[in-house]
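Residues per chain, in single letters:
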Amino acid sequence: MKLLLIHSDYIEYEVKKKAIKTPEEIEKKTDRFDEALTVFTAIEKIDADSSDQAIKNAITEITKTAEQLKVKNIMLYPYAHLSSDLASPKQAQNLLIELEYELRQKDFNVKRSPFGWYKAFKISCKGHPLSELSKTITPGEKDDESESLKKERKLSSYWHILNEDGTLHKIDEFDFKQHENLRKFSFYEKEKSRAVKQEPAHVKLMKKLEIADYEPASDAGNMRYYPKGRFIKKLLEQYVTRRVVDYGGLEVETPIMYDMQHPTLSKYLQRFPARQYQIESDKRNFFLRFAACFGQFLMAHDATISYKDLPLKLYEMTKYSFRREQSGELTGLRRLRAFTMPDVHAMVSDMDMAMDEFKIRFNLSLSVLQDIGLDTNDIEMALRTTKEFYNENKEFIVNLAKRVGKPILVELWDERIFYFVLKFEFNFVDKSDKASALSTDQIDIENGERYDIQFTDMNGEQKHPLILHCSPSGAIERVIYALLEKEAIRMSNGEKAMLPVWLSPTQIRFIPLGDEFIENCNAYIEELQNHSSLELIRADVDDRDESVGRRIRDAEKEWIPLIIVVGEKEKTAGRFKPRFRSSELGDNNKVYSLEELAGIIDSYGTGFPTEPLPLPRLLSKRPRFK
RNA sequence: GCCGCUGUGGCUUAGAGGUAUAGCGAUUCCUUGGUAAGGAAUAGGUCGUGGGUUCAAUUCCCACCAGCGGCUCCA
């Protein structure tokens, strides 16, 4: 729906002749309204499809404006020329009548000019800034069904802590003494308000380290990534993809936008409305995907699948998934509107296979996070299921808790409300005590049927599979957020922050004491590479005309794991005394050969992807992005 | 999305109804240095955007945008 709102001294019209075959019957030929908000209105095709919502949203907009302007009089004026995608005249007329009725209910004085006529009109616009406004209304905001689902879920949801010894405690009776983060996480999940007021630590870091930043020219929640950020993101993407492929995931690529009218998808959208970006293209409406589900399910629907192919695992690193989160919910890299999400689905024949697969993916997720640098100390596990499922599979669930080696949060429902029966999440608790989900997996028992995905079983019968939805690491941006927040916490404890060596854009920095040593540094880098079993070791040279102290300080601020000053001494001896950022890496008082240094980098990099330096090797040739 | 706070050169910031302060960074020059800031000079600002009030607005008012906090949300 398109609206043109004009705050007018007066509006008057005179009906001339028919504009369509069967126009509305007219009571008055002319009419006039003083001190009125004139609402020129064009009803569009999409409004007709979900008219209730369109009306509701239009009322909200009109009411808001009328209240701002403090007007009580509203003239509804059909004006087809505002849109090129009109609803049928009949639909439009009905909607206008409804709109009129609803506005009356809100205590406005409403007049409506007749539909389907050419009319002469005079209007006097007040001309102040708010006096002319145009609005586009799209239907499909809040959906009552999902609203009630949510309420229902809250009412029938029970919170517990499951100890790794298998005992289940009510959340209020559990002793959180040794489990401070679990307490924070549980509180965050179950309660609402938080007392702490703190800016997210990672936002400052992501800018300072030239990883990512807000992009004012885009929509909120769409970030820019500087070379170092793109680099870190790229390595994480590669690593997670590699792990999923090793697990058996078949990597595919699917479109990022889908037709809103597609029969299967529109049903799915009904359940989760109003959280998508929408795109209008040539009179069709598309939404941007919020996960990889659609593409993979549609692909599976068209595939010929035998029970022998199961479990069938389809995988995509979605770049991007889009969710139009409420503006107030967006923060840094923690919650975005466009994000990179590994999404691997597994189609399985029955619940037994689903549970076996669930366990495998649970271990995969745990291992992926661990390798990235987030171990069980950094995460809190949540498990959500129905009471019935829990009681029938207690041992299975307790074993999961045992695997993480500490108590977990359990949410139990009286009845299944969502499309899944069982779900786990690994959550990260940040410096501000906020919790965010990273890895997750779910057993979905609805969508195999909804998407009509079929496999042929042993007896030659067609069956719908169960589907597991897993993101082994969670959104890549969120992984970076967690790594930065973790380091922020360490810094506040007086420790030095550092990224894992395999993720560090620069692993070794050489600081030559004079220009004459730059060549030596280059030679050292080559030699390091020759000693290394890795495809690439990332070393650079700070050749800037700055003092040594200054260059060391800058390297430290960049969190570079190894810093090596090169002068006459090193040139002669061929041995080095690096500054190790962490004592785990090496001893600051010892002298190392290049071979030994290469060995250190190797020990942290083996099994991980490598990529070249994201910036020129010489610091003097690097721009500053921040 | 709602409520509240904030918005000054690339960054951090001072300030006030009469077009603005400093540090860092950048540039140039000096310094050629041994493990967390060597020195000097120069350039750089539509004071978030659009309106309004006023002789005059970056400062006051309104709207919008963005960030932050809280609510909500997190399929």
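Parameters at a glance
- Residues numbered from 1 in each chain as written.
- Chains lettered and ligands numbered in written order.
- Predicted model: local features only at pLDDT ≥ 70, side-chain atom pairs only at ≥ 80, totals over all residues.
- Heavy atoms only, no water.
- Pairing = 2+ DSSP bridges.
- Helix = DSSP H or I, 4+ residues; strand = E, 2+ residues; numbered from the N terminus.
- Contact = heavy atoms within 4.5 Å.
- Axes fitted to C-alpha atoms, helices over the stretch in contact; angles between N-to-C directions.
- Core = buried A, V, L, I, M, F, W, Y, C linked by side-chain atoms within 4.5 Å.
- Buried < 20%, exposed > 50% of the residue type's maximum accessible area, 1.4 Å probe, protein only.
- Domains from an automatic or database assignment.
- pLDDT = per-residue confidence, 0-100.
- Phe/Tyr/Trp six-rings, centres within 6.5 Å; stacked < 30°, edge-to-face > 60°.
- Parallel < 35°, antiparallel > 145°, perpendicular 65-115°, else oblique.
- Left-handed = near helix turned anticlockwise from the far one by under 90°.

Student: What's the story with the sheet that holds strand β26 (residues 562-566) in this structure? I'm lost.
Tutor: Sheets are built from strands paired through backbone hydrogen bonds, the pairs being either parallel or antiparallel. With respect to topology, four strands assemble into an open sheet ordered β25-β24-β26-β28, the strand pairing being mixed. Every other strand in the sheet has two partners, leaving β25 (539-541) and β28 (579-580) as the edge strands with one partner each. Inspection of the sheet shows strand β24 (residues 508-512) paired to β25 by three bridges, in the parallel sense. Within the sheet, the bridge partner assigned to Phe510 lies in β25 and is Val541. Packing of helix α15 (residues 518-531) onto the sheet brings it into contact with β24, β25 and β26, and relative to β24 it is tilted by some 155 degrees.

Student: Quick question: what am I supposed to make of unusual backbone geometry here?
Tutor: Across the chain, the bulk of peptide bonds are trans and the bulk of non-glycine residues have phi less than zero. A cis geometry characterises the amide bond from Leu310 onward to Pro311, with omega recorded as -5 degrees. By secondary structure assignment, the location of Pro311 is in the loop between α9 (293-302) and β15 (312-322). Cis geometry is adopted by the peptide bond preceding Tyr320, which originates at Lys319 and carries an omega value of 10 degrees. Tracing the backbone shows Tyr320 in strand β15. The residue Lys283 is not glycine, and still its phi comes out positive at about 70 degrees. When you line up the elements, Lys283 lands in the loop between β13 (278-281) and β14 (284-288). Positive phi outside glycine occurs at Trp559, with the angle close to 65 degrees. Structurally, Trp559 is set in the loop between α16 (548-557) and β26.

Student: Honestly, the nonpolar core in this entry has me stumped. Any pointers?
Tutor: Side chains that are nonpolar tend, in soluble globular proteins, to be buried together. In this structure, Leu236, Ile372, Met381 and Phe426 are the most contacted members of the largest nonpolar core, which totals 76 residues. Ranked by residues supplied to this core, first place goes to helix α10 (residues 351-372) with nine residues. Of the residues that make up this core, three or more belong to each of domain 2 (157-256 + 292-486) and domain 3 (501-621). Residues within four places of Ile372 in sequence aside, it is in contact with Leu236, Tyr239, Val240, Ser473, Val479, Leu483, Pro500 and Trp502.

Student: Is there a simple way to explain the environment of Tyr390 in this structure?
Tutor: Positionally, Tyr390 belongs in helix α11 (residues 387-392). A residue is classified by how much of its surface remains accessible, and Tyr390, at 2% relative accessible area, is buried. Once residues within four sequence positions are removed from consideration, Tyr390 is found in contact with Leu162, Leu168, Thr385, Ile397 and Leu412.

Student: Mind showing me how you'd approach the confidence of the model for chain A here?
Tutor: Low pLDDT means the predicted atomic positions in that stretch should not be read closely. Chain-level statistics for chain A give a pLDDT mean of 89 and a share of 94% at 70 or above. Of the regions scoring below 50 in pLDDT, residues 141-145 engages in 10 contacts with residues more than four places distant in sequence or in other chains. Here the predicted complex scores 0.82 on pTM and 0.93 on ipTM.

Student: Would you mind going over the environment of Thr610 with me for this structure?
Tutor: Summarising the element assignment, Thr610 is placed in the segment after α18 (594-605). In sequence terms Thr610 and Asn522 are 88 residues apart; their C-alpha atoms lie 20 Å from each other. Ignoring sequence-local partners within four residues, the contact set of Thr610 consists of Leu235, Glu535, Leu536 and Arg538.

Student: For this particular structure, what's the right way to read the packing of aromatic side chains?
Tutor: Scanning the model with the defined rule gives 33 aromatic pairs in all. Judged by centre distance (5.3 Å) and plane angle (80 degrees), the ring pair of Phe287 and Phe294 falls under edge-to-face. Residue classification places Phe287 among the buried positions, given a relative accessible area of 0%. By relative accessible area, which is 0% here, Phe294 ends up buried. Each ring, one from Tyr320 and one from Phe322, has its centre 6.1 Å from the other, and the planes form 75 degrees; the classification is edge-to-face. Through successive ring pairs, a cluster of aromatic residues spans Tyr13, Phe40, Tyr77, Tyr79 and Phe121.

Student: Explain the packing of helix α7 (residues 227-247) against α10 here, please?
Tutor: To characterise two packed helices, one gives the angle between the axes of the helices and the distance between these axes. It is the contact of α7 with α10, at a shortest axis distance of 11 Å, that shows an interaxial angle of 150 degrees. Taken together, the axes of α7 and α10 lie roughly antiparallel to each other. When you trace α7 past α10, the crossing you get is right-handed. Residues Leu236, Tyr239, Val240, Arg243 and Tyr247 of α7 pack against Glu357, Ile360, Arg361, Leu364, Ser367, Val368, Asp371 and Ile372 of α10.

Student: What exactly am I supposed to notice about the pairing of β14 here?
Tutor: Every regular strand shows the same layout, with side chains that alternate between the two sheet faces. Burial within β14 is extensive, with four of its five residues counted as buried. Across three bridges, strand β12 (residues 257-259) lies against β14 in antiparallel orientation. By the bridge assignment for β14, Met257 is matched with Leu288. In the sheet, β13 pairs with β14 via four bridges, with the strands oriented antiparallel. Considered in β14, the bridge of Ser281 is made with Arg284. The hairpin formed by β13 and β14 contains two residues between the paired strands, and Asp282 there has a positive phi angle of roughly 50 degrees.

Student: I'm lost on the domain arrangement of chain A in this one. Help?
Tutor: The figure often quoted for interface size is the accessible area lost as the parts come together. According to the domain assignment, chain A consists of domain 1 (2-136), domain 2 (157-256 + 292-486) and domain 3 (501-621). With centres defined by C-alpha atoms, the gap from domain 1 to domain 3 works out at 70 Å.

Student: What should I look at first to understand the sheet that holds β13 in this one?
Tutor: In spatial order, the strands read β12-β14-β13; together these three strands make up an open sheet with antiparallel pairing. Edge positions in the sheet fall to β12 and β13, since each of these pairs with one other strand and no more. Direction aside, neighbouring strands of the sheet carry axes that sit 35 degrees apart on average.

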